[in-house]
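Listed below, chain by chain, are the residues.
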Amino acid sequence: MSHPKFGNLINGKEQPAKSGATFFNINPADHRDIIGEFAASNGDDVNQTVEIAKKAFASWRLVPAPKRAEILFRAANLLVERKEQFARDMTREMGKVIAETRGDVQEAIDEAFYVAGEGRRLFGVTTPSELPNKFAMSIRVPLGVVGMIAPWNFPMAIPSWKLFPALVAGNTCIIKPAQDTPLSTLNLVRTLMDAGVPPGVVNVITGFGSKVGTPLIEHPDVRAISFTGSSEVGSIIAQNCAKHFKPVSLEMGGKNAMVVMDDANLDLALDGALWGSFGTTGQRCTATSRILLHKSIAKEFTDKFVARAKKLKVGNGIEVGIKVGPQVNESQIETSASYCAIALAEGAKLLCGGHQLKDGPYAHGTFFEPTIFGGVTKNMRIAKEEVFGPVVSLIEFSTIEEAIDIANSIDYGLSTAFYTKNVNQAFTAIRDLEAGITYINAPTIGAEVHLPFGGVKQTGNGHREGLGSLDFYTQWKAVYVDYSDKLQRAQIDNAE
Ligand code: NDP
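These figures come from a predicted structure and were not determined experimentally. (Residues numbered from 1 in each chain as written. Predicted model: local features only at pLDDT ≥ 70, side-chain atom pairs only at ≥ 80, totals over all residues. Heavy atoms only, no water.)

Concerning the pairing of strand S20 (residues 415-419)
Convention followed: Each residue is placed in one exposure class: buried if its accessible area under a 1.4 Å probe, protein chains only, is under 20% of its type's maximum, exposed if it is over 50%, and partly exposed if it falls in between. Strands are runs of DSSP state E lasting at least 2 residues, helices are runs of H or I lasting at least 4, and numbering of each runs from the N terminus. In this analysis, strands are considered paired if DSSP registers two or more bridges between them. Handedness of a crossover is defined as follows: with both strands directed away from the viewer, a clockwise route from the first strand across the helix to the second makes it right-handed.
For S20, the tally of buried residues reaches five of five residues, placing the bulk of the element in the interior. The side-chain alternation of S20 yields two buried faces, one formed by Ser 415, Ala 417 and Tyr 419 and the other by Thr 416 and Phe 418. Two strands pair when backbone bridges link them, and S20 and strand S21 (residues 437-440) are joined in this way by four bridges, in the parallel orientation. Considered in S21, the bridge of Thr 416 is made with Thr 438. A crossover connection joins S20 to the parallel S21 through helix H12 (residues 423-432); in handedness this β-α-β unit is right-handed.

Here it is as structure tokens:
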């Protein structure tokens, strides 16, 4: 059967990988459905693209930031027009249910409007000089060519968090999407070109992790790397960047806890638990993967949660009524299955799910049952390691101190949720939970683009997307203007 071919997007034009190599992108709900054949690039493609992006930087950095922002504003409007088609493309290539892929495109729209506003707000700081007739200020300047490496679970939203602030700040960009989701990133970048981003300013190189990623990281003219993905790959990338003294922003895994106190609104917590655990088939960095239950409500919550999870309709996310789509690929299914085996071997109790779905409508896709384990304790691997699938653990506690200790007892620190009606306990949780994000009476998922997004411990290396992203995509330059017409020596001429 014939299927479309997609090249890299370099200098405003699609072109195949220099080697001619390609890979297939298939629908995880139905592997017979081939989305297309995409360029499998390597270092030669990267080298050519860096040259082009470097050349484009020479003029893009001189475009006034409010003008760069106007292009993003136009891109936002185009994304609004294209939202439905892009959402459908995304569900087809990575499986999320259509309501969620509409949300993914919407996040890119929100990010574009938000960042477009920043074009008139690239504030620096002015400050008095310690010397007379001297003016002191600090300004933000772009870095140059920035390399970006993205995961598959938010294939339009995450690239938008990286590309838009980098562009408004005057950088040029080369992005490598995950091999499972090249189409959504091509859709996004084509929209940027249609909105008026000049050729060479944003480029997409598709292909396999290290084949594209490593030459991008190691190229001396790539001035910074922004990565979102697993902590394992993030660690490799950080070590490689360190060798080249290259700034790197890392957004990585999570093992996010929802705490349900004894006074919580249980129905609200149940709604949040279902959405947080099984939204995006559990394949979110912010997915709820541990639910910490106060002993006094644990049984009631567990019974209701399991009953509701069993009713969730699993299937092709494009169909009406489906609540849980497929996992993105076979390897993710294997990970979910292997963690179920680990949990059972550790003594956890399987309360529902636990298996791949293979029959009938599931025969041609990668589907896994919504899965809940009870009787989990904080030191089990199922309570500590990221599964990235529809698998959630229930852990009981007796006091808020114990709950916070369990929530914090992991290597990750991305998102947390705390359900209570007690304001004192809520503020204690806000203060003490070790995470980049804490929700009170809302699930662990649901970040908004104009707040800082990122995590502590092994989730990140201190940078933030959303609010804070311009701190990564610009560097400070201190500027002194001496209008005294004489040599003034700081710390010497003005010393007492
Ligand atoms: P991976 O770490 O496997 O891949 C992320 C990206 O890195 C992909 O584009 C991948 O390419 C590329 N890559 C893989 N190996 C290398 C390498 N050696 N050098 C350079 N690049 C490489 O993550 P997933 O795509 O599987 O995404 C899931 C992970 O992302 C989860 O751990 C999740 O928690 C995390 N994540 C974190 C978020 C956050 O903001 N904190 C948000 C979303 C996800 P390829 O696809 O070709 O393998």
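There is more to say, and it comes next.
What about the sheet that holds strand S19 (residues 391-397)?
Note the following rule: Under this scheme, a helix contributes an axis fitted over its contacting stretch, all axes are lines through C-alpha atoms, and angles between N-to-C directions fall in the 0 to 180 degree range. For this analysis, residues touch if any pair of their heavy atoms sits within 4.5 Å.
On the basis of which strands lie adjacent, the open sheet formed by seven strands has the order S15-S18-S19-S14-S13-S20-S21 and mixed pairing. Strands with a single pairing partner mark the edges of an open sheet, and in this sheet they are strand S15 (349-352) and S21. Going from strand to strand, the sheet's axes swing by 25 degrees on average, the running direction of each strand aside. Two strands pair when backbone bridges link them, and strand S13 (residues 256-260) and strand S14 (residues 288-294) are joined in this way by five bridges, in the parallel orientation. Each residue of the ladder has a partner; that of Asn 256, found in S14, is Thr 288. Docked against the sheet, helix H10 (residues 330-346) engages S15, strand S18 (371-374) and S19, running at close to 20 degrees with respect to S18. Here helix H11 (residues 400-408) sits on the sheet and contacts S13, S14, S19 and S20; the angle it forms with S19, its principal contact strand, is near 145 degrees.

A word on the site of the ligand
Our working definition: We call a residue near a given molecule or strand whenever any one of its heavy atoms falls within 4 Å of it. We define a polar contact as two N or O atoms separated by no more than 3.5 Å, with the added condition that, inside protein, one atom must be a possible hydrogen donor and the other a possible acceptor, whereas residues neighbouring each other in sequence contribute only through side-chain atom pairs. Computed by Shrake-Rupley with a 1.4 Å probe, the accessible areas treat only the displayed protein chains as cover when residues are assessed.
Surrounding the ligand, one finds 29 residues, the nearest of these being Ala 150, Ser 230, Met 252, Cys 285 and Glu 386. Here Ser 230 contributes a side-chain N or O atom positioned 2.6 Å from an oxygen atom of the ligand. Glu 386 is positioned with one of its side-chain polar atoms (N or O) 2.6 Å from an oxygen atom of the ligand. For the ligand, the protein covers 89% of the area, taking 900 Å² as the surface of the free molecule. Broken down by secondary-structure element, the contributors of at least two residues to the shell around the ligand are helix H6 (209-218), strand S11 (222-228) and helix H7 (231-243). At three residues, the largest contribution of residues to the shell around the ligand is made by H6.

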